[in-house]
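Below, each chain spelled out in residue letters.
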2 protein chains.
Amino acid sequence: MAGTDHDKAADWAGQVPAMILVRPQMGENIGAAARAMWNFGIDRMRLVAPRDGWPNEKAVAMASGAGRVLDQVMLRDTVEEATADLNFVFATTARPRDLVKDCYTPEEAMAEARARMAQGQKVGVMFGPERAGLENSDIVRADAIITVPVNPAFASLNLAQCVLLVAYEWMRQQGAPEREFPERAEGQVIHALTDHLEEALDRAHFFWPEDKRPSMIANLRNMISRMPLTDGDVRIWHGMIRALTRRQEK
Amino acid sequence: MAGTDHDKAADWAGQVPAMILVRPQMGENIGAAARAMWNFGIDRMRLVAPRDGWPNEKAVAMASGAGRVLDQVMLRDTVEEATADLNFVFATTARPRDLVKDCYTPEEAMAEARARMAQGQKVGVMFGPERAGLENSDIVRADAIITVPVNPAFASLNLAQCVLLVAYEWMRQQGAPEREFPERAEGQVIHALTDHLEEALDRAHFFWPEDKRPSMIANLRNMISRMPLTDGDVRIWHGMIRALTRRQEK
């Protein structure tokens, strides 16, 4: 099985961690894992002894759009071979076993993966077969464990979901994307709107009784200043005030 | 459809955000969303007009193990009804639209959700139907948007995966530091204000020309849903609208 045309992932580019599916059973799940990876920019998949051989038509059909991940799969017979060129390997497993091993959250693991890879190390993450998960003999080959913190009463992540969460954390650790804020009108635009509204309300005898007037105006101004208004919003408000008071002014 | 036995989620416990599936199509996806939620301890699901009605056998079959989520579903006909008792609603949408709206990552959103809920606010997250996603008329009812930062070249998260990532972030943010938020009116209070304003503007022939009417109303709703209004603010707005339209009505 080893040494096929599908070994392009061996030509390690180093920008992304390798996602290693160990003895996956259903082709559909391999395809779904490929989609999950590529959603977050990871295109390096390795397969260890897939049950139904390789290539797999069902995997290709399911991966549609993420075919590039499957095109460059590295295929190996054993975990040992699939991790031979890697400097650091995580094993995902639902529960800590009887092994002494560092245990990471996906967040911690991908932060460390980024740090290691920035120094030129090659990092991989192993995922076990559906249902059974990784065996202890696989896990002992890993440097550390990733455990997703799930509801103790219900832990039922499937293979593609587990890949999804690790890949998501990989992209998330890229350093948070710059936050975008909606545009916002300048103070003078807001003040003019406040004046317009106050005048209209004044003509409608809204600020009454007279001794409450200062606090009512202060409340109104405070409320408007807390509104995240754009220039467009302000134009709408001017229009609304004009519309609502139109007949009054006749 | 409203007012069924399935309204136990209305008896809000406040520990978890409500996951609101808007017009979901396949029962299997509702079940998969329930599993995704319960993996991370969220058992409050709301359904808006599921295509194949409710209850749905396929949803139950798929949810196996997470049946408690489906047992206490709140079922409603409209987004407006499904969000009536909520103080803050996020809309998940792949791309920012032509609407001015604060845009959060899942991480930022769930951190804020925890902080708001720690102060007693009720928070929900809306997810659109498979393929089509939320419509603008749904999004304008939301306070803010959640966009998952995906590979720009391949963004293909399905409904359950999107729910999974938000639920994961909810659990991950456990123990995030406290933040203070001003009080905030419930959705139904905001909806009633919007109705009042729309009626007044309608009588004043504000929504003109007729072909612009839907977009003008959408803009107005979006603008108001972005305003951080308290119950007191809303009372003032009702009073202002009444004052401004008083003479008109004579």
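Refer to the preceding data block for the structure.
This text gives an overview of the structure that appears in the document. (Residues numbered from 1 in each chain as written. Chains lettered and ligands numbered in written order. Predicted model: local features only at pLDDT ≥ 70, side-chain atom pairs only at ≥ 80, totals over all residues. Heavy atoms only, no water.)

What about the interface of chain B and chain A?
Size of an interface, as often reported, equals the accessible area lost when the parts are brought together. Spelled out, the test is: Two residues qualify as a contact provided that any one of their heavy atoms is within 4.5 Å of a heavy atom in the partner residue. What gets called buried area is simply the loss in accessible area from a 1.4 Å probe that two parts show on being joined, summed for both. Basic side-chain nitrogens of Lys or Arg form a salt bridge, by our definition, when they fall within 4 Å of a carboxyl oxygen of Asp or Glu.
The interface is formed by 59 residues belonging to chain B together with 56 residues belonging to chain A. At the boundary of chain B with chain A, total buried surface from both sides reaches about 5200 Å², with 65% on carbon and sulfur atoms. Considering only the surface of chain B that becomes buried against chain A, Asn39(B), Phe154(B) and Leu244(B) emerge as the three largest contributors, covering 14% of it. One can count six salt bridges joining chain B with chain A.

Points about the pattern of salt bridges
The condition is simple: Going along the chain from the N terminus, every DSSP run of H or I of four or more residues is numbered as a helix, and every run of E of two or more is numbered as a strand. Burial classes: relative accessible area under 20% of the type maximum marks a residue as buried, over 50% as exposed, and values in between as partly exposed (1.4 Å probe, protein chains only).
Within this structure, the stated rule accounts for 32 salt bridges over all chains. Residue Arg172(A) pairs with Glu107(B) through a salt bridge whose shortest N-O separation is 2.8 Å. Pair noted here: Arg172(A) is in helix H7 (residues 159–172) and Glu107(B) is in helix H5 (residues 106–118), and the two residues belong to different chains. When its relative accessible area of 11% is taken as the criterion, Arg172(A) is described as buried. Residue class for Glu107(B) comes out partly exposed when judged on its relative accessible area of 25%. The residue Lys122(B) makes a salt bridge to Glu186(B) at a minimum N-O spacing of 3.2 Å. A residue pair is termed long-range when its members are at least 10 positions apart, and Lys122(B) in the loop between H5 and strand E6 (123–127) and Glu186(B) in the loop between helix H7 (159–172) and helix H8 (187–203) qualify at 64 residues. By relative accessible area, Lys122(B) is classed as buried at 17%.

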